[in-house]
Amino acid sequence: MSASITERLRAGTVLGAEGYVFELERRGYIKAGPFVPEVVLDFPDAVRQLHREFLRAGADVMVALTYYAHREKLRDVGREGDLEAMNRQAVRIAREVAREGDALVAGNVCNTWAYDPDDPSTARTVRAMYTEQLGWAAEEGVDFVISETNDYLGEALIALDVIQGLGLPAMVTMAPTQPKLTRDGYEYADACRILAAEGALVVGLNCDRGPRTMLPLIARIRESVECAVAVQPVPYRTDAIAPTMETLRSPDGERAFPIALDSFTCTRFDMAQFAAQARDLGVNYVGICCGAGPHHVRAMAEALGREVPASKYSPSMDLHPMFRADVSAKDAAFLPSWNA
Ligand SMILES: [Zn+2]
């Protein structure tokens, strides 16, 4: 019997891995713009493969690819009729790969773009969307649910209520797109405190910010709540000038988000350092979001002191012809051009 999310959080740091939508877009299976995970039905092997890569890299959780697989978004791409099949299949694929290792399966919901704190009727719409999505997830079998990239505490609380209604543990994270406050005006730490008081097992932040601009916010949250804390930044080099991936600009002033962010990508070493820093802050669920690759996840796992299946192929630069201590006379002839 695999350890539950609660047991794993008690035993040590849980390693998360997300960013499925961005990575599968890069691989040619998801359309940028709508970012609907049609790949789940159209190319299930592509989803299976990416889960497997994250599993081999050390991820403890396979997150079902139901991000944006909700009624509003599927309507945008003319596939509302595929809603149930897409949600069920995403959970089945995640379960199948999780069983190849010792990973848990998380159901997943996100911001709906339908919520308006000033219009109570939208709360009913959002609740209906979460209820149908998570009902299917629960029937297919998930160990817990991640509600993520929440802009509004109000919308996050609806997700939490639906998750609890299904009797499942909830991890609820806010998207820190603004400097201090959620879109409905709560400091991130206060929003997390309220979510914890309402019974979320894990609270925290995910997406939008890179490690450098995410860590100060998560440190405040860690000080503010007793429960487990999660942080899943994007692997992009955000800074004081451009604190989120949406605000990053190319040298000629063009917005880099969402499909020209490559030159801002963190190295595996950046993400390894982040993982250790987050753990040292007392964060319990350390992960990564949009932009992630399996090499980042493996480096994070190793920074947390683990050896994972993909560690078999971790770098051995001592075996590189030019980096080894005893560069042969033949190979040394290349050195002047490498050092130019
Ligand atoms: Zn993300």
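A brief report on the enclosed structure follows. Along each chain, numbering runs from 1 in the same order as the chain's sequence is written. The predicted nature of this model means local features are confined to residues of pLDDT at least 70 and side-chain atom pairs, given and counted, to a pLDDT of 80 or more, with totals for whole chains, interfaces and linings taken over all residues. No hydrogens and no water enter the side-chain calculation; it runs on all heavy atoms of the structure.

**Digging into the side chain of N284**
- Looking at the secondary structure, you find N284 in the loop between α11 (268–281) and β8 (285–286).
- In terms of polar contacts, N284 uses its side chain to reach the side chain of R222, at 2.9 Å.
- Contacts are assigned to residue pairs with any non-hydrogen atoms lying within 4.5 Å of each other. What N284 contacts, discounting residues up to four positions off in sequence, is L9, G12, T13, V14, R222, C227, A228 and V229. A run of DSSP states H or I qualifies as a helix once it reaches four residues; a run of E qualifies as a strand once it reaches two. Both are numbered from the N-terminal end. Two N or O atoms count as a polar contact when they lie within 3.5 Å, although within protein this holds only if one can serve as hydrogen donor and the other as acceptor, and sequence-adjacent residues are included solely when both atoms are side-chain atoms.

**A short note on the layout of surface pockets**
- Definitions used throughout: a 1 Å grid over protein atoms alone; a cavity as a set of points that fits a 1.4 Å probe which cannot get out; a pocket as an open set with protein on both sides within 12 Å along at least five of seven lines; a lining residue as one with an atom within 4 Å of a point. Grid points are joined across faces, edges and corners, and a volume is the space filled by probe spheres set on the points. Empty space within the largest pocket amounts to approximately 680 Å³.
- Surrounding the largest pocket, 34 residues form its lining, Y67, Y68, N111, W113 and T149 being those nearest its centre.
- Counting only elements with at least two residues in the lining of the largest pocket, the list comes to α2 (20–26) and β4 (144–150).
- Considering each element in turn, the lining of the largest pocket owes the most residues, 3 residues, to α2.
- Only Asp, Glu, Lys and Arg are considered charged in this grouping, and only Ala, Val, Leu, Ile, Met, Phe, Trp, Tyr, Cys and Pro are considered nonpolar; every other residue, Gly among them, is considered polar. In terms of residue class, the lining of the largest pocket is built from 19 nonpolar, 7 polar and 8 charged.
- Counted as a void, the second largest pocket has a volume near 270 Å³.
- Lining the second largest pocket are 17 residues, and of these S2, A103, L104, V105 and D143 lie nearest its centre.
- Elements supplying a minimum of two residues to the lining of the second largest pocket: α6 (83–98) and β3 (104–110).
- For the lining of the second largest pocket, the per-class residue count stands at 9 nonpolar, 4 polar and 4 charged.

**Side note on the state of the cysteines**
- In this description, the term disulfide denotes a pair of cysteine sulfurs within 2.5 Å. Applying the stated rule across the entire model yields 0 disulfides.
- With no disulfide of its own, C192 lies closest to C227 among cysteine sulfurs, the gap being 7.9 Å.
- A simple rule labels every residue: compare its accessible area, found with a 1.4 Å probe on the protein chains alone, to the largest value its type can have, and call it buried under 20%, exposed over 50%, or partly exposed in between. A relative accessible area of 18% means that C227 is categorised as buried.

**Comments concerning the packing of helix α10 (residues 211–224) against α11**
- Between N-to-C directions, angles span 0 to 180 degrees; the directions come from axes that are lines fitted to C-alpha atoms, helices contributing only their stretch in contact. Orientation of α10 relative to α11, taken along the N-to-C sense of each, is 10°, at an axis distance of 10 Å. Judged on the interaxial angle alone, α11 and α10 are roughly parallel. Counting all contacts with α10, which are made through P211, L215, I218, A219 and R222, the residues of α11 involved are M271, F274, Q277, A278 and L281.
- Here the contact of α10 with α11 is composed, by residue class, of 8 nonpolar, 1 polar and 1 charged. Just so you know how the angles are binned, under 35 degrees is roughly parallel, over 145 roughly antiparallel, 65 to 115 roughly perpendicular, and the rest oblique.

**Some remarks on the nonpolar core**
- Counting residues in each nonpolar core, the largest one holds 115 residues, and the members touching the most others are F54, M62, F144, L195, I221, M245 and Y285.
- For this core, the leading source of residues is α6, giving 8 residues.
- Leave out the neighbours within four places in its chain, and I221 touches Y188, A189, C192, L205 and V229. Among buried residues, the Ala, Val, Leu, Ile, Met, Phe, Trp, Tyr and Cys ones that are joined through side-chain atoms within 4.5 Å form a nonpolar core.

**Some details on the pairing of strand β7 (residues 228–232)**
- The buried count for β7 comes to 5 of 5 residues, which makes it a mostly enclosed element.
- Here β7 shows a buried face lined by A228, A230 and Q232 and a second buried face lined by V229 and V231.
- Consider the strands pointing away from the viewer: the crossover is right-handed when the path from the first strand over the helix to the second runs clockwise. In this fold, the crossover linking strand β6 (residues 202–206) to β7 by way of α10 has right-handed handedness.
- In this sheet, β8 lies alongside β7 in parallel orientation, the contact comprising 2 bridges. When the sheet's bridge partners are listed, V231 is paired in β8 with V286.
- The parallel pair β7 and β8 is bridged by α11, and the resulting crossover is right-handed. Pairing between strands is defined by DSSP: at least two bridges between them are needed.

**So, the pattern of salt bridges**
- What makes a salt bridge here is a side-chain nitrogen of Lys or Arg within 4 Å of a carboxyl oxygen of Asp or Glu, nothing more. One pass over the structure, following the stated rule, counts 26 salt bridges.
- With its nearest N and O atoms 3.1 Å apart, the salt bridge here joins R92 to E140. In this pair, R92 sits in helix α6 while E140 sits in helix α7 (residues 120–140), placing the two residues 48 residues apart along the sequence.
- With its nearest N and O atoms 3.1 Å apart, the salt bridge here joins D331 to K330.
- Members of the salt-bridge network, linked through shared partners, are R71, E72, R75, E80 and E132.

On their own, these measurements won't tell you what the molecule is for.
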